[in-house]
Amino acid sequence: MAKWLRLVSSYAVGIVLGGAVFGGLTYASAGIRTLPAHFANIGIHVNNNTIKTTAEPFIYNSNVYVPISTIAHGLGASVAWDGKTHEVLVSDKNVATTKLGTLNYYSLPVYSGTHTVLYGGQTYIAGFALASVADVPYYIDSAKNTMYFGTVPQTGMPLRSFIDVRDYGDYAKSIQGMVGPDYGWTDGAPKIDGILYSNANSIVWANSGANSQVPGVMYNLKGNYSLLTGSFGLDDASDAKEEAQLTILGDGKQLYQSPWQAQGAPATAVSVDVSHVKLLTIEFSVMQNSTKTVYTMGQALPSSLHVDIDFADVRVH
Amino acid sequence: MKQKTMVMLGVLTSAMIFATSGYASTGLHDIRASFANIKLVVNNKVIKTSAEPFIYNQNVYVPISAVAHALQASAKWVNRPASVFVNNTVQPVTVYDNGQKLPSGITDGKTFYDVPATDAAYVNAFGLTPTIDSSGNVSYEAQTPPSFAPGSTALMSLTPTKLIGDFSNSQLYPAGQLSGYWPATVLGTMYPGQFTIEWAVTPSQNAVVPGVDYNLQGKYTTLTGSFAIDDLSKNFNGSVQLTFVGDGRILGSTGYVQTGQQPVPVSISVTGVQTLEVQYQIKSAQGIVTNMGSTYTAPSVNPDGSKTDPILVTDFMNAALQ
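Please read all numbers here as calculations on a predicted model, not as lab measurements. (Residues numbered from 1 in each chain as written. Chains lettered and ligands numbered in written order. Predicted model: local features only at pLDDT ≥ 70, side-chain atom pairs only at ≥ 80, totals over all residues. Heavy atoms only, no water.)

The subject of this paragraph is the overall build of chain B. Along its length, chain B carries 3 helices and 28 strands. Since a compact globule built from 322 residues should have a radius of gyration of about 20 Å, the 32 Å found for chain B marks it as more spread out than a globular shape. Long-range contacts, defined here as pairs at least 24 residues apart, represent 60% of the contacts in chain B between residues at least 6 apart. With an accessible surface of roughly 14,300 Å², chain B has 50% of that area assigned to carbon and sulfur atoms. (Helix = DSSP H or I, 4+ residues; strand = E, 2+ residues; numbered from the N terminus. Rg over C-alpha atoms; globule rule 2.2 N^0.38 Å. Contact = heavy atoms within 4.5 Å. Areas by Shrake-Rupley, 256 points an atom, 1.4 Å probe, with all protein chains shown as cover.)

Below is the structure:
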């Protein structure tokens, strides 16, 4: 049977291994030399503490030289000097050792390229890997330096944290080798009636060319949420030749349908009860103003239209 | 580590003891630096530095970039007032699971956001126990794995008496083994693969729709399990069904199952059945049915654009006899 690999998240790849980045230069011979050093009352700050020391940094040969012991201590390491071998021996438990490996479930490979980090005597596993195996959505708020599994208290879990289980129309087509909904524009945030919305947490769609099909996407909420919120409208970048509509289904039943939204109209605030809903489907529709023809999810849109749809800041609570 | 004579560096803690006023006057000064092929060793590993360390005024000096690199810290130079800022790059991260605070994770701000998943608080919160081997491979198991009713016989524990179609292709299924190639994943939920019969179709390749026979010897009453299209074939637009035949008589079927559908439960009476045959049928998006033993030609490219990843993966999960 084929040994295919699942898609690997960006968190699972791109590990920079701290290794031999610096090249080995041949050192000068031993002995005392006189060097021109530039002093400038250079202050030392380690982990936001100001270090007061008589061992002053200076600049020599375009490098800032610092006393290693001062810096290492400030970082929580212990330092010793071996006078026989002329080695500065640093013991630093705050150095992270990263390993790449395969993520398995019951000994069967899920994907390769997961990583573990040994740090401070504890082994850490990628949050993404845990979320994948546990099948829970996962969200990082880097500004708050916080990781959330399952839900984000108060603000709700961005829908983008869920793995799409079925895609429709353009979302089911390969775009750069990947399928699935588009979250965020590459050239700016969603803008509806002059108001800007969070780019990262918005489902967006623009048609392109003759083969564009109106998209949709399905997520598995597993009955764990009660409310879905967001703001729906046509982006100001649309060409005003059409209107757009949002339909939301829960386990195949229609839960919500927005009014037809014109370009330049304010966004419609969406707030839908999704209690007990397992499979949530988000469908878009487009109506051409000149002909009143409606194009529903999966149908091809005329290339004469330019539609930019924003379902902005979509979250479940 | 070998025993070595270690002399603490003179200025280590004097930093805190001496007042700050001792700085030299600013400007260019000639300093006497002692070179001695000094090596920097961090956690028993020799760190190569671009510029050689030397001793000045009883302290070992190294370029700030080398220290930062060796100790995984960030180093920043500020001109006014002249200062160096050094910070640990690995920082603790607050972690919440459904609003419940768990022991902190760690991040270096870019390449990893990791959690101590082996901690009891995590094991309890997620019901998953990870084991990590020395090579860095991670294996998860659930605390209560999906299983059959007590006293069941796993269908996978029986040896097939006949393999049909792709199942008889020893390149696809070495030694006639139909299970345990991959954990089944349906609508995001993972199932152990040991008790799952997997059938996959690759783009552009001719697949022969499979089937498998088992000799039940009339010993069982019920066949249970569930059937689904795996998430690997997320946007496959056709459908697949299993038909169960006992001694030539149709016992039941799963009906055609599509992607994005919850697993269809199977509960088939097999009382008195000697030979059980599990037959596959595939229906294309256009409604064309291909039966067991016939050739199905898959679309040339699957929805994610790949020509090598499977276009369809089916999972007959937790198949067991009672």
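So, about the sheet that holds strand E9 (residues 91–97) of chain B. Sheet architecture is open: 10 strands sit in the order E11(A)-E12(A)-E9(B)-E10(B)-E11(B)-E10(A)-E9(A)-E8(A)-E13(B)-E12(B), paired in mixed fashion. Looking at which strands have only one partner, the edges of the open sheet turn out to be strand E11 (138–141) of chain A together with strand E12 (128–132) of chain B. For this sheet the average axis-to-axis angle between neighbouring strands, irrespective of direction, equals 35 degrees. Pairing of E9(B) with strand E10 (residues 100–107) of chain B, which is carried by 6 bridges, proceeds in the antiparallel orientation. The partner of B:Asp97 across the bridge, within E10(B), is B:Gln100. Packed onto the sheet, helix H2 (residues 127–134) of chain A meets strand E8 (97–105), strand E9 (108–119), strand E10 (122–126), E11 and strand E12 (146–149) of chain A together with strand E11 (113–115), E12 and strand E13 (138–142) of chain B and runs at close to 60 degrees relative to E10(A). (Pairing = 2+ DSSP bridges. Axes fitted to C-alpha atoms, helices over the stretch in contact; angles between N-to-C directions.)

Across the sheet, which stays open at both edges, the 4 strands sit in the order E3(A)-E2(A)-E8(B)-E7(B) with mixed pairing between neighbours. With partners counted over all chains shown, the strands left at the sheet margins are strand E3 (49–51) of chain A together with strand E7 (73–78) of chain B, one partner each. On average, adjacent strands in this sheet sit at an angle of 25 degrees to one another, irrespective of strand direction.

A few words on unusual backbone geometry. Of the consecutive residues B:Arg80 and B:Pro81, the connecting peptide bond is found in the cis state with omega at -10 degrees. When you line up the elements, B:Pro81 lands in the loop between E7 and strand E8 (83–88). Phi is positive for A:Asn48, close to 70 degrees, though the residue is something other than glycine. Note that A:Asn48 resides in the loop between strand E2 (43–46) and E3. Judged by its relative accessible area of 69%, A:Asn48 falls in the exposed class. Backbone geometry at A:Ser107 places phi at a positive 70 degrees, although glycine is not the residue there. (Buried < 20%, exposed > 50% of the residue type's maximum accessible area, 1.4 Å probe, protein only.)

Let's shift gears to the domain arrangement of chain B. According to the domain assignment, chain B consists of domain 1 (14–88), domain 2 (91–142) and domain 3 (153–321). The straight-line distance from the C-alpha centre of domain 1 of chain B to that of domain 2 of chain B is 36 Å. (Domains from an automatic or database assignment.)

This part covers the nonpolar core. Counting 39 residues, the largest nonpolar core has B:Trp199, B:Leu223, B:Phe244, B:Val270, B:Tyr280, B:Leu312 and B:Phe316 as the members making the most contacts within it. At the level of elements, strand E18 (197–201), strand E20 (211–215), strand E21 (222–229), strand E22 (239–246), strand E24 (264–269), strand E25 (275–283) and strand E28 (312–321) of chain B are the ones that each hand at least two residues to this core. Membership of the second largest hydrophobic core comes to 38 residues, among which are A:Met157, A:Trp205, A:Phe232 and A:Val314. (Core = buried A, V, L, I, M, F, W, Y, C linked by side-chain atoms within 4.5 Å.)

Before going further, it helps to examine the pairing of E20(B). Residues and elements named next belong to chain B. Judged by how many residues are buried, E20 sits mostly within the fold: 4 of 5 residues are covered. Where E20 and E25 come together, 5 bridges link them in antiparallel fashion. Within E25, the residue paired with Asp213 across the bridge is Glu277.

Glancing now at the pairing of strand E14 (residues 164–168) of chain A. Remark: a regular strand shows side chains that alternate across the two faces of the sheet. All names here are of chain A. Among the 5 residues in E14, 4 count as buried, and that is most of the element. Relative to strand E19 (residues 216–220), E14 runs antiparallel, the two sharing 4 bridges. Each bridged residue has a counterpart across the sheet, and for Arg166 the counterpart in E19 is Met218.

Taken together, the contact between chain A and chain B spans 130 residues of the former and 137 residues of the latter. Across the interface of chain A and chain B, roughly 12,500 Å² is buried in total on both sides, 60% from carbon and sulfur atoms. The tally of links between chain A and chain B comes to 1 salt bridge. One can count 50 residue pairs in polar contact (both at pLDDT 80 or more) joining chain A with chain B. Among the elements that take part in the side of chain A that touches chain B, strand E1 (residues 31–39) of chain A stands out by supplying 9 residues, more than any other. (Buried area = accessible area lost by both parts, 1.4 Å probe. Salt bridge = Lys/Arg side-chain N within 4 Å of Asp/Glu carboxyl O. Polar contact = N/O pair within 3.5 Å; in protein donor to acceptor, adjacent residues only side chain to side chain.)

All names here are of chain A. The residue Val214 is located in the loop between strand E18 (203–206) and E19 in this model. Its relative accessible area of 0% is what places Val214 among the buried residues. In sequence terms Val214 and Ser275 are 61 residues apart; their C-alpha atoms lie 27 Å from each other. Not counting the four nearest positions on each side in its chain, Val214 is found in contact with Tyr168, Gly169, Trp205, Phe284, Ser285, Val286, Tyr295, Thr296, Met297, Gly298, Gln299 and Leu301.

Here chain A averages 87 in pLDDT, while 90% of its residues score no lower than 70. Confidence drops under pLDDT 50 across residues 1–26 of chain A; counting only partners more than four residues distant or on other chains, this segment forms 58 contacts. (pLDDT = per-residue confidence, 0-100.)

Right, let's get into the side chain of A:Asp308. Residues and elements named next belong to chain A. The topology assignment puts Asp308 in strand E27 (residues 308–316). It is Lys191 that comes nearest to the buried, bridge-free Asp308 among opposite-charge side chains, at 12 Å. If sequence neighbours within four positions are ignored, Asp308 has contacts with Trp185, Trp205, Ala206, Gly233, Leu234, Asp235, Ala237 and Ser238. (Lys, Arg positive; Asp, Glu negative; His and termini not counted.)

What follows concerns the packing of aromatic side chains. All told, the structure shown has 28 aromatic pairs over all chains when counted by the stated rule. Centroid distance A:Phe58 to A:Tyr65: 6.0 Å. Interplanar angle 15 degrees. Geometry classified as stacked. According to the relative accessible area criterion, A:Phe58 is buried, its value standing at 0%. Pairing A:Phe58 with B:Tyr56 gives two aromatic rings, centres 5.5 Å apart and planes at 85 degrees, and the pair type is edge-to-face. Pair noted here: A:Phe58 is in strand E4 (residues 58–60) and B:Tyr56 is in strand E5 (residues 54–56), and the two residues belong to different chains. (Phe/Tyr/Trp six-rings, centres within 6.5 Å; stacked < 30°, edge-to-face > 60°.)

Residues and elements named next belong to chain B. Note on placement: Gln279 falls in strand E25. Residues Gln279 and Pro210, 69 residues apart in the sequence, show an inter-C-alpha distance of 6.7 Å. Setting aside its immediate chain neighbours within four residues, Gln279 contacts Pro210, Gln241, Leu242, Thr243, Val245 and Met292. Side-chain polar atoms of Gln279 contact the side chain of Glu277, separated by 2.7 Å.

If you trace the backbone, B:Leu40 turns up in strand E3 (residues 39–42). A relative accessible area of 3% places B:Leu40 in the buried class. In this structure the C-alpha to C-alpha distance between B:Leu40 and B:Val67, which are 27 residues apart in sequence, comes to 9.1 Å. For B:Leu40, the residues in contact, after removing those within four places along its chain, are A:Ile68, A:Val88, A:Val90, B:Lys45, B:Val46, B:Ile47, B:Thr49 and B:Ala70.

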